[in-house]
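Inside the fold
The lines below spell out each chain.
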Amino acid sequence: MTDLETAPGPAVAPGTVGSAEPSSVPRAHWWILVMIAGAQLMVVLDTTIMIIALPSAQRALGFTNTDRQWVVTAYTLGFGGFLLLGGRIADMIGPKRTLMIGVIGFAAASALGGAAQTTAMLIGARGLQGMFGALLAPSVLSLLATTFTDPRERGRAFGIYASIAIGGAAFGLILGGLLTQYLSWRWCLYVNLPIALAVAIGVFTMIPKRSGSSGVELDIPGAILGCSGLVALVYGLGEAATVGWSSPRVVGPLVLSVVLLTLFIVVQTRVSSPLLPLRILANRNRAGSFLTIILAVLGMYGTFLFLTYLLQTVDGYSPLKTGVAFLPLMVVNGLAATQLASRLMPRLRTRLLVVPGLLIASLGVALLTQLTPDASYSAHILPTELLLGLGLGLAIVPCISTATANAAPRDVGVTSATTNTSQQIGASIGTALLNTIAATATAAYLVAHPGSASVSDATVHGFAVASGWAAASLALAALVAGVLINAHPGRENERDLAVATMVAE
């Protein structure tokens, strides 16, 4: 398989019928972007917004500390476990229909969770949110990849998407703090309803209907094995943060996930319409982008976790003040994604953006290895946020664009789902692995300094040690991108345009 696959549609030469209405088409495209950005915002917000609301929800419903983690984990399990299935359904029935089902279902699940009267009702609603999010997210990326094919438009669109994907998690902390402090924890779920209503109306009226691919069938054995394997993987990684890597509650699910995912790959090589066509991984640019995203998100989410706990448990920030402290990261990330990466993508090879961006992010996280309990926000945390926001803004946009570019029409949905799955795997591993490293280093520090070290000293030491691993993950992502990714969106577009012109003549 070559590095280039069949594009979603033929390129159109200037002056042909397909290039008419040069101003109205882009305007329609940007309205589509507004709708799918709103849908993506719902998914990203719900990864963090409930973290702030958990103490209030726990007091209201009376659930235990053990049950508390399931309010977060249930969403992760539903979302990560069913992404590939959601992507294949989008290929079967079309991304517009799948997006509508996902948005409406997500809103209904949010309303159910907001009205929850028992712990089981809240956890169940969070699981349903994740499952409908697994329908919604691949459809968003599918529409983005097939609507914005011009390199300049594509760069801007994916810049906005990446800003939401990264900055939305931090924005969820701010919004969660505001809603919990001034309204109720239930509004952290109800807030999805007006967003979903606006998105559903916009999708129904503005996004053209696109039928699914007739040759795509639902791979039932693959769906069972793939979804079960991913659920076991996410569950095992989530449990590691609380019970340790040696616990049967971690080892068992992880071993089971290896068995199930191995069987899944075997099945994918033997069925006529696989859930995950292995041909999409044969493209070095796409495979390199998937692996780069996993490693980059691993370091990113681990750092978000450290900073959140550092600001609240060591520096005594309130939830709202903690969220506001992430604003510089969000602003710099948005500017880097929309004003730098999106403008440079058509002009440079992808790795010339991704590699420097990840190295800048790695440097920013490495600064946290010098943390002390007396570290100030302006002198020690802010530089990390600025470098991390700049670096990820430069790197993630071209990575996601390359991962979804030039997919065959029948594989657009599953390619988008695999891109989302890469982000979910990275987030799960980053949260579980780095949190465990931090906890182990904290305990070791207390043992090595009996009677002389405070809990605050040990906690900060643990964060510093784990930050070194997070920085290493970002540096490894840069190495992978440098070796595997060699795409040049601008030159590929020029080649497609030349071919289309020859055909037109």
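Residues numbered from 1 in each chain as written. Predicted model: local features only at pLDDT ≥ 70, side-chain atom pairs only at ≥ 80, totals over all residues. Heavy atoms only, no water.

**Quick notes on empty space enclosed by the protein**
- Enumeration according to the criterion identifies 2 cavities of 30 Å³ or more in this entry.
- Its volume calculated, the largest cavity comes out at about 50 Å³.
- In this structure, the largest cavity is lined by Leu-310, Val-314, Asp-315, Leu-371, Thr-372, Pro-373, Ala-375, Ser-376, Ile-381 and Val-460.
- Considering only residue class, the lining of the largest cavity consists of 7 nonpolar, 2 polar and 1 charged.
- Of the volumes computed, that of the second largest cavity is approximately 40 Å³.
- In terms of lining residues, the second largest cavity is bounded by Leu-33, Ile-36, Ala-37, Gln-40, Val-140, Leu-144, Ile-160, Tyr-161 and Ile-164. (1 Å grid on protein atoms, 1.4 Å probe; cavity = no way out; pocket = protein on both sides within 12 Å on 5 of 7 lines; lining within 4 Å. Points joined across faces, edges and corners; volume = space filled by probe spheres on them. Nonpolar A, V, L, I, M, F, W, Y, C, P; charged D, E, K, R; others polar.)

**Concerning the nonpolar core**
- In terms of nonpolar packing, the biggest core is built from 87 residues, with Leu-99, Val-103, Leu-136 and Leu-144 touching the most fellow members.
- Each residue touching Val-103, except ones within four places of it in the same chain, is listed here: Ala-39, Met-42, Leu-136, Ala-196, Val-199 and Ala-200.
- Grouped together as the second largest cluster of nonpolar side chains are 19 residues, Leu-45, Ile-49, Leu-54 and Phe-63 included. (Core = buried A, V, L, I, M, F, W, Y, C linked by side-chain atoms within 4.5 Å. Buried < 20%, exposed > 50% of the residue type's maximum accessible area, 1.4 Å probe, protein only. Contact = heavy atoms within 4.5 Å.)

**Describing helix 4 (residues 95–114)**
- With 20 residues, helix 4 extends 28 Å between its outermost C-alpha atoms, agreeing within 8% with the 28 Å of an ideal straight helix rising 1.5 Å per residue.
- For helix 4, the buried fraction is high: 14 of the 20 residues fall into the buried class. (Helix = DSSP H or I, 4+ residues; strand = E, 2+ residues; numbered from the N terminus. Expected span 1.5 Å × (residues − 1).)

**Some details on the packing of aromatic side chains**
- Throughout the structure, instances matching the rule amount to 3 aromatic pairs.
- Ring centres of Tyr-75 and Phe-106 lie 6.5 Å apart, and the angle between their planes is 85 degrees; on these two criteria the pair is classed as edge-to-face. Remark: Phe-106 occurs in helix 4 and Tyr-75 occurs in helix 2 (residues 65–81); sequence separation between them is 31 residues. With respect to burial, Tyr-75 and Phe-106 carry one shared label: buried.
- On the numbers, 5.5 Å between centres and 75 degrees between planes, the contact of Trp-187 with Tyr-190 is edge-to-face. Of the two residues, Trp-187 and Tyr-190 are both situated in helix 7 (residues 187–190); the distance of 3 residues between them amounts to about one turn of the helix.
- By relative accessible area, which is 39% here, Trp-187 ends up partly exposed.
- By relative accessible area, which is 22% here, Tyr-190 ends up partly exposed.
- Pairwise contacts between aromatic rings join Tyr-75, Phe-79 and Phe-106 into one cluster.
- The ring of Phe-204 has Lys-96 sitting right over it, with the charged end atom 5.7 Å from the ring centre. (Phe/Tyr/Trp six-rings, centres within 6.5 Å; stacked < 30°, edge-to-face > 60°. Lys NZ or Arg CZ within 6 Å of the ring centre and 35° of its normal.)

**With respect to a nonpolar patch on the surface**
- Taken together, Leu-178, Tyr-182, Leu-183 and Trp-187 make up a surface patch of nonpolar side chains, about 440 Å² in accessible area.
- In this structure, Tyr-182 sits in helix 6 (residues 151–182).
- For Tyr-182, a relative accessible area of 57% corresponds to the exposed category. (Patch = residues over 30% accessible without salt bridge, like charges linked within 9 Å, V, L, I, M, F, W, Y side chains within 5 Å. Areas by Shrake-Rupley, 256 points an atom, 1.4 Å probe, with all protein chains shown as cover. Salt bridge = Lys/Arg side-chain N within 4 Å of Asp/Glu carboxyl O.)

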